[in-house]
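One-letter residues, chain by chain:
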Amino acid sequence: MLRAVWLTIGKEFLLIRRDRVGLFMLLVAPIAVIAAAGFSLAKIYGGRTVPRGEYSIAVFDEDHGAIARAIFDALAQQPDLAIIESSSRRDAEQTVRERKLAVVGIVIPAGTTDAIEHGRGARLILYTDPVKYLQTIKVELALSELCSKITAGAASQARSQTAEQTQSFTRKLDQARQSAQQARADAARLATQAEVSRAAIEPKIRAHIETALAAARDRTKLALDTEMDRIQRKLDADTAAQQAKLDELKDYLGRLEVAHGQFESWFGQLQQLAGSHAADIPPPPAIPSPPADLNLGGIKLEPVAELRDARTRLESALTIPPIDLNLPQLPPAPKVPLLNIPEMPVIDPSLSIPGSLGITEVDSTGKEIGEFAGFNAFDLQVPGFAVTFLLIGMLMGVSLALIDEHDWGTLERLRSASAPLWATLTGKLLARFVVGFIQMAVLFAAGYVLFGISLGRNPVALIMPAAAIAFAGAAFGLIVAGVGRTRDAVLPVGAIVIMTMAAIGGCWWPIDFEPVWMQHVALALPTTWAMRAFNDLMIRNLVASSAVIPAAVNFGFGIIYTVVGVAIARRRFG
Amino acid sequence: MIRAEDLRKRYGDRVALDGVSFTVNAGEIVGLLGPNGAGKTTTLSILSGVIAPDSGRALIATHDLAADPRVARRSLGLVPQSLALYPTLTALENLLFWGRIQGMASSDALRHARTLLVEVGLDDRADDAVNEFSGGMMRRLNIACGMMHFPAAIMLDEPTVGVDPQSRGRIFAVVEAAAQAGGAILYSTHYMEEAERLCDRIVLIDHGNMVAQGTDRELIALAGTEPRIEIMTKKALPPGWSKGIAGVGELPWEVVDGFAAAATLHALDQVPDVIKRAGEVGDEVIEFHVHRPNLQDAFLKLTGHALRDAP
């Protein structure tokens, strides 16, 4: 029976080789469709296949500052953007909305640079064409990234400056703190030195004072003696003068007393003379009488003896006792207050200049990709349409070929020969599996050469999903052959099923475009798992093991399809 | 040797075969004759192992097809009614495939394929794709494919449908050569002439029943049919115009244009007498046609309807 299988495989290859239309559908048509779809949809996925200058944008610069230059430079570096410089806002708007020469018009308002540099917000003005929705989104995305970068750059610069200033301030605080500590140390050292000096100078001071005091005493004693002598002499002279005066007074008082007596006598005579009028005569003024106890005669001025006693006492007083120089303790050196210079607090990032939230795209290896790069649309279209045309090939190669064999009568002849149906089916499936696998390999190679698709980290890993979907597709062709009774029935049935499987399975667009419920439905389709594996390997650049489960699922689908397909085919052709 | 033993087959309520039995011996060509839908293809399908009978037994070269299908099929060469060929393969590639699928070694297959291509007149087109062939060429190649592996039993199902006379002649030659080589040939056709021309024996089949079998003469004799003459004369032949010629029976026959009459004959040697009488009575014999009894007549006689128009 293996001979029948082997011969059937060989015959299938001969048939395929002679079938130019089939070969065209297997290899050329997919490349043509892939090229059409890939180039058409490249804009959606933002791939690098978009020609340089694909999008034109009108730019009007009112700012003429550093930010404006940065925007210009960044836009100029965008490979798919071409810049049209506008002369005014109106010109930019017309370029977009009336002349339709640009996808988006950008106005960089005056003061943008100043606002950014001084921490204020600034906004670019966009003129868009709503019809060019996707292009606008792409340009807006690029601009958003650009603004984000500029803002982040400014914030980063401010943050850097703040950090520098903080570090400078911290350094100065540290210096002040060190200076204060030095001052405290110096003060302590000086206090110690003062104590030492004080202890050293005290006897000197004492001696010096004693010497000074002795000299002062001598000078005082001399001056005192001199002055006392002078005073003594003066007092003696004054006493003698006063004694003379006193003697004159005493003489006067004696004569006054005589006069007084004469006046009393005179007055008595007068009153007598005045007779009756004596009463009219006013009494004479009373002449005071010297105090009764006044005894001027007893007064005798003597030289002042007390002065001599005073001299003696003064001299005694001038005798300086030993000086008990008890110098007061030096007041403690004033403590240099411990300058509590606070540590420079670590600036809480949340309290610092707010950071900007940016995006860093990294690949599965963690390597930074840079700006949002999108992906080569052909990385999706090549496997997607390769799978689609693989299924179409299976439809023609298995389903139609089986029906053709039935219609030609060769199936009946095979069955009358020693080739059982299962051998024919097996040979056909194996041949188509190999052809499908080769088809996938050729299309991927063409995609690599013509469209620069990524083959992932390990191109060999692509064999797994390719082989799995080829197997599942071949087996599925068996089911279609059994369900479709005639060639005319197989074509629409097969086409509908294949197109639906391809569409829902994400062969034509990323499956994430579809609603969630449809994505769940898609799990029942081999196309979904094939595309998941291809996307993982080619676009997400994951490791080879990521394709194991999807490939296993599709091999499972293939087994189920084979069992069901053989059962249907046995009933249909058996 | 091919042997059908009481083959019965039903498709639902419809009886396709109802107890068909016959034998084709080595070196013998047996025609399976019957109108379309009579059960010929069903018989061949059972005998070739494509379908299984409800009951009965099929033997190919003494091998029971049900008990030993692999060996039996190796002894069988089927030439189906449809052109069981791969259109995009060349004639040689088709032959090699069918030969090798039947177990031939590559070199043997190539050698015999070249021989067969000469026999069927396609040696100069060996490397041309079959879809470039005429219908007759395809028929010839179709037969060659069935004979590639030197089968002991060959079954041909309507092998000359749509074939030009030249191709038909070549097909006959090939079939006869295969029989002479010792093959047991079962030749299914609804062309009576082919059966008469080619077959040693004929199995008449109708509505799944085997009506009769034997040589053409045996079948004609079995049906009891007689020669017939149709005559056009200048004047109309009145009833009783053949009176006096023994064994001649006048038949009612009308033609639109001209005067004609028909009559059965007992034997062909009565033709001159009948022509002479018609000329005398009808003034002049313009045209006459003698019809020998054939399988068509026998079939009509045996089944009550024509061979080509089964109800």
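Source: prediction; values computed, not measured. (Residues numbered from 1 in each chain as written. Chains lettered and ligands numbered in written order. Predicted model: local features only at pLDDT ≥ 70, side-chain atom pairs only at ≥ 80, totals over all residues.)

Asker: Before we go on, may I ask you to explain the overall build of chain A in this structure?
Answerer: Looking only at helices and strands, chain A features 15 helices and 6 strands. A burial count over chain A gives 31% of its 574 residues as buried. A separation threshold of at least 6 residues defines the contact pool for chain A, and within that pool the share at least 24 residues apart is 80%. (Helix = DSSP H or I, 4+ residues; strand = E, 2+ residues; numbered from the N terminus. Buried ≥ 20, exposed ≤ 12 C-beta atoms within 10 Å, placed from the backbone. Contact = placed C-beta atoms within 7 Å.)

Asker: Which parts of the structure should I look at to understand the overall build of chain B?
Answerer: Tallying secondary structure elements over chain B gives 10 helices and 14 strands in all. Across the 311 residues that make up chain B, the buried fraction comes to 48%. Put simply, of all contacts in chain B between residues at least 6 apart along the chain, 70% involve residues at least 24 apart.

Asker: Teacher, can you tell me more about helix α12 (residues 487-504) of chain A here?
Answerer: Count 3.6 residues to each turn of an α-helix, and residues three or four apart come out pointing the same way. All names here are of chain A. In this model α12 runs 25 Å from its N-terminal to its C-terminal C-alpha over 18 residues, within 8% of the 26 Å that 1.5 Å per residue would give. Turning to α12, the residues buried within the fold contact α8 (377-408), α11 (463-483) and α14 (526-539). The first or second residue beyond α12 is Gly 506, which carries a positive phi of 85°. (Expected span 1.5 Å × (residues − 1).)

Asker: Looking at this structure, how should I read helix α6 (residues 133-273) of chain A?
Answerer: All names here are of chain A. The end-to-end C-alpha distance of α6, which contains 141 residues, comes to just 160 Å, noticeably less than the 210 Å that a straight helix rising 1.5 Å per residue would cover. Remark: the principal bend of α6, roughly 35°, maps to Ile 201, with a proline, Pro 203, within the next four residues. Taken as a whole, α6 has its buried residues at Gln 135, Lys 138, Val 139, Ala 142, Leu 143, Leu 146, Ile 150 and Ala 154. Taken from the residues just after α6, Gly 275 is the one with a positive phi, measuring 50°. (Bend = angle between axes of the 7 residues up to and from the residue.)

Asker: Please explain the pairing of strand β1 (residues 2-11) of chain B as it appears in this structure.
Answerer: Regular strands show a simple pattern: their side chains alternate between the two faces of the sheet. All names here are of chain B. Bridge analysis of β1 against strand β2 (residues 14-24) gives 8 bridges, and the strand direction is antiparallel. Residue Arg 8 lies in a different strand from β2, and its bridge partner there is Asp 18. Two successive antiparallel strands, β1 and β2, enclose a turn made up of 2 residues, where Gly 12 displays a positive phi of approximately 70°. Here β1 runs beside strand β4 (residues 55-60); their pairing, made up of 5 bridges, is antiparallel. Across the sheet, Ile 2 pairs through a bridge with Ile 60, a residue of β4. (Pairing = 2+ DSSP bridges.)

Asker: So what exactly am I meant to see when it comes to the packing of α8(A) against α11(A) here?
Answerer: Describing two packed helices takes the angle between their axes plus the distance from one axis to the other. Residue and element names in this part refer to chain A. At their nearest, the axes of α8 and α11 sit 8 Å apart, and the two run at 40° to each other. With respect to their mutual orientation, α8 and α11 come out oblique. Between α8 and α11 the crossing geometry is right-handed. The residues of α11 that touch α8, namely those facing Val 387, Leu 390, Leu 391, Met 394, Leu 395, Gly 397, Val 398, Ser 399, Leu 402 and Ile 403, are Ile 469, Ala 470, Gly 473, Ala 474, Phe 476, Gly 477, Leu 478, Val 480 and Ala 481. Here the contact of α8 with α11 is composed, by residue class, of 15 nonpolar, 4 polar and no charged. (Axes fitted to C-alpha atoms, helices over the stretch in contact; angles between N-to-C directions. Parallel < 35°, antiparallel > 145°, perpendicular 65-115°, else oblique. Left-handed = near helix turned anticlockwise from the far one by under 90°. Nonpolar A, V, L, I, M, F, W, Y, C, P; charged D, E, K, R; others polar.)

Asker: In this structure, what is going on with the sheet that holds β4(B)? I would like to understand it.
Answerer: The strands making up a sheet associate through backbone hydrogen bonding, with each pair oriented either parallel or antiparallel. An order of β2-β1-β4-β5 (chain B) is seen for the 4 strands of this open sheet, with the pairing classed as antiparallel. Edge positions in the sheet fall to β2 and β5 (63-64) of chain B, since each has one partner strand and no second.

Asker: Whenever I open this one, the packing of helix α3 (residues 91-101) of chain B against helix α4 (residues 106-119) of chain B confuses me. Can you help?
Answerer: Residue and element names in this part refer to chain B. Contact pair α3 / α4: the axes reach a minimum separation of 9 Å and the direction vectors enclose 130°. The angle between the axes of α3 and α4 places the two elements in the oblique class. Handedness of the crossing formed by α3 with α4: right-handed. Where α3 approaches α4, its residues Ala 91, Leu 92, Leu 95, Leu 96, Gly 99 and Arg 100 are matched on the opposing element by Ser 106, Ala 109, Leu 110, His 112, Ala 113, Leu 116 and Leu 117. Here the contact of α3 with α4 is built from residues that sort into 9 nonpolar, 3 polar and 1 charged.

Asker: Would you take a moment to explain the sheet that holds strand β12 (residues 249-251) of chain B for this structure?
Answerer: All names here are of chain B. Taken in spatial order, the 4 strands make up an open sheet running β12-β13-β11-β14, and their pairing is antiparallel. A single partner strand is all that each edge strand has here, and the edge strands are β12 and β14 (285-291). Here the average twist between neighbouring strands, direction ignored, is 25°. Two elements, strand β11 (residues 228-233) and strand β13 (residues 259-264), share 6 bridges in a ladder whose sense is antiparallel. The partner of Ile 231 across the bridge, within β13, is Ala 261. Packing of helix α9 (residues 271-281) onto the sheet brings it into contact with β11, β13 and β14, and relative to β14 it is tilted by some 150°.

Asker: Help me understand the pairing of strand β2 (residues 81-85) of chain A in this model?
Answerer: Residue and element names in this part refer to chain A. The pairing of strand β1 (residues 55-61) with β2 spans 5 bridges and is parallel. Of the residues in β2, the one forming a bridge with Ser 56 is Ala 82. A crossover links β1 with its parallel partner β2, the connecting element being helix α3 (residues 66-77), and its sense is right-handed. (Right-handed = clockwise from strand over helix to strand, strands pointing away.)

Asker: Looking at this structure, how should I read the environment of Thr113(A)?
Answerer: All names here are of chain A. Here Thr 113 lies in helix α5 (residues 112-117). Along the chain, Thr 113 and Ile 67 lie 46 residues apart, while their C-alpha atoms are 5.0 Å from each other. Contact partners of Thr 113, with chain neighbours within four places excluded, come to Asp 63, Gly 65, Ala 66, Ile 67 and Ala 68.

Asker: Just to check I follow, could you spell out the interface of chain A and chain B for this structure?
Answerer: Between chain A and chain B, the residue contacts involve 18 residues of the former and 23 residues of the latter. The set of elements that each furnish at least two residues to the side of chain A that touches chain B consists of α1 (2-18) and α9 (410-416) of chain A. Of the residues in the side of chain A that touches chain B, the class split is 8 nonpolar, 4 polar and 6 charged.

Asker: Is there a simple way to think about the confidence of the model for chain B in this case?
Answerer: Do not read the predicted coordinates in detail wherever pLDDT is low. Per-residue confidence for chain B averages 87 on the pLDDT scale, and 96% of its residues sit at or above 70. Across the interfaces of the predicted complex, the ipTM metric reaches 0.79, alongside a pTM of 0.63. (pLDDT = per-residue confidence, 0-100.)

Asker: What exactly am I supposed to notice about the environment of Leu92(B) here?
Answerer: All names here are of chain B. Along the chain, Leu 92 falls in helix α3. Residue Leu 92 is classed as buried on the basis of its C-beta count, with 21 C-beta atoms lying within 10 Å. Those residues within four positions of Leu 92 in sequence are excluded, and the remaining contacts are Ala 113, Leu 117, Ala 126 and Asp 127.

Asker: What should I look at first to understand the environment of Pro238(B) in this one?
Answerer: With respect to the helices and strands, the residue Pro238(B) is situated in the loop between β11 and β12. Between the C-alpha atom of Pro238(B) and that of Ala261(B), which follows or precedes it by 23 residues, the distance is 9.0 Å.

Asker: I tried to follow unusual backbone geometry on my own but got confused; where do I start?
Answerer: A negative phi holds for most residues other than glycine; trans holds for most peptide bonds. Residue and element names in this part refer to chain B. Notably, His 207 is not glycine yet its phi reads approximately 55°, a positive angle. Backbone geometry places Asp 283, a non-glycine residue, at a positive phi of 80°. With respect to the helices and strands, the residue Asp 283 is situated in the loop between α9 and β14.

Asker: So what exactly am I meant to see when it comes to the confidence of the model for chain A here?
Answerer: Chain-level pLDDT for chain A is 81 on average; 85% of the residues reach the 70-or-more range. Looking at the elements of chain A, mean pLDDT is at its lowest for strand β5 (residues 361-362) of chain A, recorded as 54, and at its highest for α14(A), recorded as 91.

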